Structures are given as C-alpha cells and as structure tokens.
Amino acid sequence: MGCHAEYAEGFKKTAHGRKFPLIKNIPLDKACETCHGPGSAHAAAAGDRNDPGFATIKHASKLPPADSAQLCLSCHKDNEVNYWGVSAHKQAGLSCVECHSVHQAKERKNLKVGTTETCLKCHKEQKIGLNLPSHHPIREGKITCAGCHNPHGGASGNLRAATAEELCFKCHAEKAGPFTYEHPPVVEDCSICHTPHGSLTDKLLKQRMPSLCLNCHKWPHTETANGQPAFYRTNKFYERGHCTNCHREIHGSDRKKSFIP
Ligand code: HEC
Ligand code: HEC
Ligand code: HEC
Ligand code: HEC
Ligand code: HEC
Ligand code: HEC
Ligand code: HEC
Ligand code: HEC
Ligand code: HEC
C-alpha cells in the first residue's frame, strides 16, 4: 500500500475495501494478497525488475480469463453469478474485470462505467435499437439492460427469467391474464408482435397495423352489402387499418371475444 497508494485508495472506496474487514475478517493491510498472492518477495524487490522476487506478484488482469474469473468466484457464489459457467460471455472469453474494476470502479457495483454504457461498448446493434422512435426507456434511465439480462448468464440465455414471456410479465403483469377470451399469439409469445430493443413502429411492434394482424387474419369485415362493413362509421383507411382503435383489449379480454371493450 505504501508503494501503490493510488490503487489502495481506489480499493478502499469500493464495497471490497469496506466489507473485506467486516465480512471476510481480512484487515485492509492483508487484503491485497487475497488477489495478488503472497507479496513479500515482490515488496522486498522494491521495484527492481531484475530481482527475481519482483515477478512473483500475481497480475490479476494479465491472467487468462478463466483463472482471473476464478479469483473472483472463489468468494462470489452469489445467485447472481450461478450461471457464469455456461454464459455466453464466459464462452466469448470475457473475464470479470472486462466490466468490473477492483481499483478504478467509478460506478456502483464495481463497474468502470454505468450498467447500460458497459453493455453498449460491445453491443452496437442494441445501441441502434435504443435510438429508434419506439424503445424501452433505457436511454431515459428508467430501466437498464440488466433489468432484462443477467450479464453473468441465466437459465434461459442470459434473460432474468425462465422464458422471454415470463420476463415481460415481471414488469407488465397486467398482460399475463388468464383472460376469459385469450388472444392465442399473446399466450404463445410476446415476441410474435413485439421486439424488445427498439422499433420504427409505435409500441415496439415488429410491423405496422394492419400488416401485423394480416399475417394471421384475412382482411376482416368484408361481408357487407355495399362493400362497406356495416359497423364502419368512417372510411378513413387509418382508422380502419389501425385495428386496435376498436379491438383495444388486444392482449385478451374478460368481456368480449372480439377484444372490443
Ligand atoms: C479483489 C481482488 C483484488 C484485491 C483485493 C486487490 N487487487 Fe489489485 N488488482 C486487481 C485487479 C483485477 C487488477 C487489474 C486492474 C483492475 O481491475 O482495477 C489489479 C491491479 C492492481 C495494480 C496495477 C498493476 C498494473 O501494473 O497494472 C496494482 C498496483 C494493485 N492492483 C495493487 C493492489 C493493492 C496495493 C491492493 C491492496 C490494497 C490490491 N491491489 C488489492 C485485483 C485486486
Ligand atoms: C476475498 C473475497 C472476495 C474476492 C476475492 C472478490 N470479492 Fe467481490 N465482494 C466480496 C465481498 C465481501 C463483497 C461485499 C458483499 C456485500 O456487500 O454483501 C463483494 C462485493 C462485490 C461486488 C458488489 C459491489 C457493490 O457495490 O455492491 C462486485 C461487483 C464484486 N464484488 C466483484 C468482484 C470481482 C469482479 C472480483 C474479482 C476481481 C471479486 N469481486 C473478488 C468479496 C470478494
Ligand atoms: C459483461 C459485463 C460483466 C461481466 C463480464 C461480469 N459482470 Fe458482474 N455485473 C455486471 C453488471 C452490469 C452488474 C450490475 C447489474 C445491475 O445493474 O444490477 C454486475 C453486478 C455484479 C455483482 C453484484 C450483484 C448484486 O446483486 O449486487 C457481482 C457480485 C458481480 N457482478 C460479480 C461478477 C463476477 C464474479 C464476474 C466474473 C465471474 C462478473 N461479475 C462478470 C457486468 C458484468
Ligand atoms: C467486452 C464486450 C462485451 C460487453 C462489455 C458485454 N457483452 Fe454481451 N456479449 C459479448 C460477446 C462477444 C457475446 C457473444 C457473441 C454474441 O452473441 O454477440 C455476447 C453475448 C451477449 C448476449 C447473447 C446471449 C446469448 O445467450 O446468446 C446478450 C443478451 C448480451 N451479451 C448482453 C449483454 C449485456 C446486458 C451487457 C452489459 C451488462 C453486455 N452484454 C456486455 C460481448 C460483450
Ligand atoms: C425489456 C427487456 C430487455 C431489455 C431492457 C434489453 N433486452 Fe436484450 N433481449 C431481450 C429479449 C427478450 C431478447 C431475445 C432473447 C431470446 O429470444 O432468447 C434479447 C436479446 C438480446 C441479445 C441477443 C441478440 C438478439 O438481439 O437477439 C443481445 C446481444 C441483447 N439482447 C443485448 C441487450 C443490450 C445491450 C441491452 C441494453 C441496451 C438490452 N439487451 C436490453 C430483452 C431485453
Ligand atoms: C424491467 C422491467 C421491464 C421488463 C422486464 C419489460 N418491460 Fe416493457 N416496459 C417497461 C417500462 C418501464 C416501459 C415504459 C412504460 C411507460 O413509459 O409508461 C415499457 C414499455 C413497453 C412497451 C410500450 C412501448 C412504447 O413505445 O410505449 C411495450 C410494447 C413493452 N414494454 C413490451 C415489453 C415486452 C414484449 C417485454 C418482454 C420481452 C417487456 N416489455 C419487458 C419495463 C419493462
Ligand atoms: C397479436 C400481437 C401482440 C402480441 C402477441 C402482444 N402484443 Fe402487446 N401490443 C400489441 C399491439 C397492437 C399494441 C398497441 C396497441 C395500441 O397502440 O392501441 C400493443 C401494446 C403493448 C404495450 C403498450 C401499451 C399497453 O397496453 O400498455 C405493452 C406494454 C405490451 N403490448 C406488452 C405485451 C406483452 C407483455 C406481451 C406478451 C404477453 C404482448 N404485448 C403481446 C400487440 C401484441
Ligand atoms: C400469429 C397470428 C396472429 C396475429 C399476428 C394476430 N392474431 Fe388475432 N387471432 C389469432 C388467432 C389464432 C385467433 C383465434 C381465432 C379463433 O378463435 O377463431 C385470433 C383472434 C382474434 C380476434 C377474435 C376473433 C373472434 O372470433 O372474435 C380478433 C378481434 C383478433 N384476433 C384481432 C387481431 C388484431 C387486431 C391483430 C393485430 C394487432 C391480431 N389479431 C394479430 C392469431 C393472430
Ligand atoms: C371501426 C372498428 C373496427 C376496426 C378498425 C377493426 N375492427 Fe375488427 N371488428 C369490429 C367489430 C365491431 C367486429 C365484430 C365484433 C363482434 O362480432 O362482436 C369485428 C370483428 C373482427 C374479427 C372477428 C370476426 C371476423 O370478421 O373474422 C376479427 C378477426 C377482426 N375484427 C380483426 C380485425 C383486424 C385485423 C382489423 C384491422 C385490419 C380490424 N378488425 C379492424 C370492429 C373493427
């Protein structure tokens, strides 16, 4: 700590610096060796790189990713990292310190930058999504990528739920039903109609109405005398074509089979 004051200061400011003494019973002046290994030979070398003792210190960020992660996992058995072993990030060769920093954490959770910013460094495609007119309020700071994804892996890819559908219900419970009159695609999979990251179309829809609906339904309401469906009060294409102007309870209804409130 005498030689690396800057690193020691950085360490002290994080949860590690505060909690090692309390939870792990490791006093601060012994903390360094938990990750860097025995340090006395390195310290005795006093900065002389020709002294064989100098190189005995473990350099956590230069270890192969799996060994580096093992350092962290020796203490971290939290549920949060349960699935690390099978995660896409591990398989892609990332280590914990790709996103976290022990000494230079500027954000909560030992992160180098904020949660969403961390993800966007690598995931450019989703960054494009965020800037489309319809998007989950991530830019606005209401939720983060980690609200839906566990960067350490999960039971289903790295989603924070067993299935994509259950994930949506965590925040949109009112869509879960059961309803007296279910709309089959809603029960099947929200992603038949919605995309999670961003869309040019309102309400994160994959396509505009009526095209979206006409994937499965024939153009309805054609069985009329004069070519004008009897219930139409208007001929305006938009109003007819925007199916949910009338079929408002599109996710299911307890009142009407037609989803018209
Ligand atoms: C929880 C594990 C851990 C602990 C405890 C820890 N370090 Fe580190 N140290 C790392 C990691 C990982 C890096 C790589 C950079 C980073 O993540 O901030 C690092 C980097 C360093 C570096 C920079 C090495 C270089 O040349 O880039 C120094 C110096 C250092 N640590 C000193 C210390 C000192 C002094 C302490 C005790 C106060 C300490 N470390 C405690 C994990 C740890
Ligand atoms: C000697 C045990 C130990 C090691 C090794 C260790 N940690 Fe921790 N870590 C802890 C403890 C204790 C806490 C505090 C937990 C708490 O507050 O309940 C913690 C907290 C954290 C947190 C949460 C910080 C916060 O602000 O809530 C992160 C992220 C973290 N560690 C990542 C890492 C990474 C990455 C490594 C490897 C470079 C690592 N840890 C190595 C014991 C360890
Ligand atoms: C791809 C980036 C990334 C990698 C790689 C990564 N993490 Fe994290 N980690 C995060 C983010 C982002 C958060 C904060 C999530 C949030 O905002 O709730 C986090 C949170 C944590 C927490 C705090 C959990 C809590 O509930 O407070 C721990 C502990 C942790 N990580 C440990 C690790 C360990 C150990 C590894 C390596 C095995 C690792 N992380 C690898 C991005 C990462
Ligand atoms: C250092 C680069 C890097 C960072 C930072 C990063 N990722 Fe990844 N991520 C990857 C790579 C590489 C893959 C695997 C290849 C791919 O699918 O693109 C991946 C895969 C994924 C996948 C696909 C998982 C699967 O099972 O197919 C998701 C989801 C994901 N990352 C989310 C996140 C989130 C959320 C964050 C921020 C907490 C994040 N990533 C941070 C590089 C990164
Ligand atoms: C509202 C929930 C939600 C949020 C917020 C979210 N995602 Fe996703 N993400 C999903 C779902 C659902 C999938 C599709 C998973 C599947 O079908 O297995 C997915 C898939 C992915 C994939 C895999 C490739 C793909 O497009 O299918 C990556 C990478 C990814 N997300 C990164 C991110 C990043 C980065 C952020 C933050 C900018 C983010 N996600 C925010 C729900 C979300
Ligand atoms: C972590 C919480 C969370 C999860 C999980 C989540 N959402 Fe959202 N969703 C939100 C928030 C917050 C809004 C914005 C609501 C508002 O501004 O009133 C939103 C808005 C929406 C909107 C309306 C967008 C618009 O342009 O008005 C749709 C559609 C949507 N979510 C679909 C989904 C789907 C599909 C899933 C599952 C893949 C999902 N959400 C998972 C939090 C979440
Ligand atoms: C058959 C297509 C379809 C499916 C499947 C679907 N939705 Fe929607 N959803 C829509 C349409 C269309 C709108 C826009 C309604 C409007 O603008 O009048 C919408 C709007 C939304 C909104 C924003 C407006 C509101 O009502 O709060 C949310 C949130 C939402 N859907 C969540 C979900 C969730 C969660 C699922 C899966 C359980 C799902 N949707 C499945 C078609 C669908
Ligand atoms: C993936 C296919 C699919 C998509 C996309 C879809 N639907 Fe459906 N919809 C169905 C199925 C299947 C039924 C049940 C049919 C039945 O009971 O005869 C249904 C039932 C309905 C009903 C009730 C029909 C009745 O008999 O009263 C209405 C109204 C309806 N859908 C409107 C829409 C609208 C509006 C959209 C676009 C926002 C849409 N649907 C998108 C498959 C779909
Ligand atoms: C101006 C209001 C209105 C609009 C716009 C509208 N509908 Fe309807 N729809 C109705 C009414 C009213 C019924 C009859 C309900 C009943 O029988 O209780 C109906 C019935 C249906 C039915 C079940 C009977 C049938 O004809 O198969 C389906 C499916 C349907 N609509 C789909 C759609 C789709 C898809 C769109 C968009 C292209 C759409 N509707 C636009 C009012 C509307």
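Residues numbered from 1 in each chain as written. Chains lettered and ligands numbered in written order. Predicted model: local features only at pLDDT ≥ 70, side-chain atom pairs only at ≥ 80, totals over all residues. Heavy atoms only, no water.

## Side note on the side chain of Ser253
Turning to step 1, where the next piece is worked out: Tracing the backbone through its elements, the reader meets Ser253 in the segment after helix H13 (237-241).
Turning to step 2, where the next piece is worked out: By relative accessible area, which is 1% here, Ser253 ends up buried.
Turning to step 3, where the next piece is worked out: Separated by 2.8 Å, the side chains of Ser253 and Glu249 make a polar contact. (Helix = DSSP H or I, 4+ residues; strand = E, 2+ residues; numbered from the N terminus. Buried < 20%, exposed > 50% of the residue type's maximum accessible area, 1.4 Å probe, protein only. Polar contact = N/O pair within 3.5 Å; in protein donor to acceptor, adjacent residues only side chain to side chain.)

## Examining the site of ligand 4
Turning to step 1, where the next piece is worked out: Near ligand 4 you find 15 residues, and of these His89, Cys119, Cys122, His123 and Asn158 are the closest.
Turning to step 2, where the next piece is worked out: Within the side chain of His89, a nitrogen or oxygen atom sits 2.8 Å from a nitrogen atom of ligand 4.
Turning to step 3, where the next piece is worked out: Those elements that provide at least two residues to the shell around ligand 4 are helix H6 (88-91) and helix H7 (115-120).
Turning to step 4, where the next piece is worked out: Residues belonging to the shell around ligand 4 are distributed by class as follows: eight nonpolar, six polar and one charged. (Near = heavy atom within 4 Å. Nonpolar A, V, L, I, M, F, W, Y, C, P; charged D, E, K, R; others polar.)

## Description of the coordination of the iron atom of ligand 6
Turning to step 1, where the next piece is worked out: Protein coordination of the iron atom of ligand 6 is provided by His136 (NE2) and His172 (NE2), with donor distances spanning 2.0 Å.
Turning to step 2, where the next piece is worked out: Geometry at the iron atom of ligand 6 is octahedral, judged from the six donor atoms that bind it and their angles of 89 to 179° at the metal. Placement of the pair is His136 in the loop between helix H8 (124-130) and helix H9 (145-148) and His172 in the loop between helix H10 (164-171) and helix H11 (184-188), with a sequence separation of 36 residues.
Turning to step 3, where the next piece is worked out: According to the relative accessible area criterion, His136 is partly exposed, its value standing at 23%.
Turning to step 4, where the next piece is worked out: His172 gets classed as partly exposed once you look at its relative accessible area, which sits at 36%. (Donors = N, O, S within 2.8 Å, 3.2 Å for Na, K, Ca; no water. Tetrahedral: all angles 85-135°; square planar, octahedral: opposite > 155°, others 65-115°.)

## Here's the deal with the environment of Leu94
Turning to step 1, where the next piece is worked out: Note that Leu94 resides in the loop between H6 and H7.
Turning to step 2, where the next piece is worked out: Here the alpha-carbon distance between Leu94 and Lys175, two residues 81 residues apart in the chain, equals 36 Å.
Turning to step 3, where the next piece is worked out: Those residues in contact with Leu94, other than ones at most four positions away along the chain, are Pro65, Trp84 and His89. (Contact = heavy atoms within 4.5 Å.)

## Digging into the pattern of salt bridges
Where charged atoms of side chains with opposite charge meet at close range, the side chains can pair.
Turning to step 1, where the next piece is worked out: Within the structure shown, the criterion is met by four salt bridges.
Turning to step 2, where the next piece is worked out: The partner of Lys12 in a salt bridge is Glu9, with the nearest N and O atoms 3.1 Å apart. One end of the pair is Lys12 and the other is Glu9, both in helix H1 (residues 5-12) and three residues apart, which spans about a single turn.
Turning to step 3, where the next piece is worked out: The exposure class of Lys12 is partly exposed, given its relative accessible area of 32%.
Turning to step 4, where the next piece is worked out: The partner of Glu80 in a salt bridge is Arg160, with the nearest N and O atoms 3.3 Å apart. Placement of the pair is Glu80 in the loop between helix H5 (65-73) and H6 and Arg160 in the loop between H9 and H10, with a sequence separation of 80 residues. (Salt bridge = Lys/Arg side-chain N within 4 Å of Asp/Glu carboxyl O.)

## Here we look at the side chain of Ser68
Turning to step 1, where the next piece is worked out: Relative to the helices and strands, Ser68 resides in helix H5.
Turning to step 2, where the next piece is worked out: A relative accessible area of 2% places Ser68 in the buried class.

## A short note on the coordination of the iron atom of ligand 3
Turning to step 1, where the next piece is worked out: The iron atom of ligand 3 binds to the protein through His100 (NE2) and His152 (NE2), with metal-donor distances spanning 1.9 to 2.0 Å.
Turning to step 2, where the next piece is worked out: Classification of the site at the iron atom of ligand 3 rests on its six donor atoms, whose angles at the metal span 88 to 180°, yielding the label octahedral. Remark: His152 occurs in the loop between H9 and H10 and His100 occurs in the loop between H6 and H7; sequence separation between them is 52 residues.
Turning to step 3, where the next piece is worked out: Take His152: its relative accessible area is 15%, and that puts it in the buried class.

## Overview of the domain arrangement of the chain
Turning to step 1, where the next piece is worked out: What the domain assignment reports for the chain is domain 1 (1-58), domain 2 (64-160) and domain 3 (170-245).
Turning to step 2, where the next piece is worked out: Spacing between the C-alpha centres of domain 1 and domain 2 amounts to 26 Å.
Turning to step 3, where the next piece is worked out: Domain 1 puts 11 residues into the contact, and the matching count from domain 2 is eight residues.
Turning to step 4, where the next piece is worked out: Summed over both partners, the interface of domain 1 with domain 2 buries about 800 Å², with 56% contributed by carbon and sulfur atoms. (Domains from an automatic or database assignment. Buried area = accessible area lost by both parts, 1.4 Å probe.)

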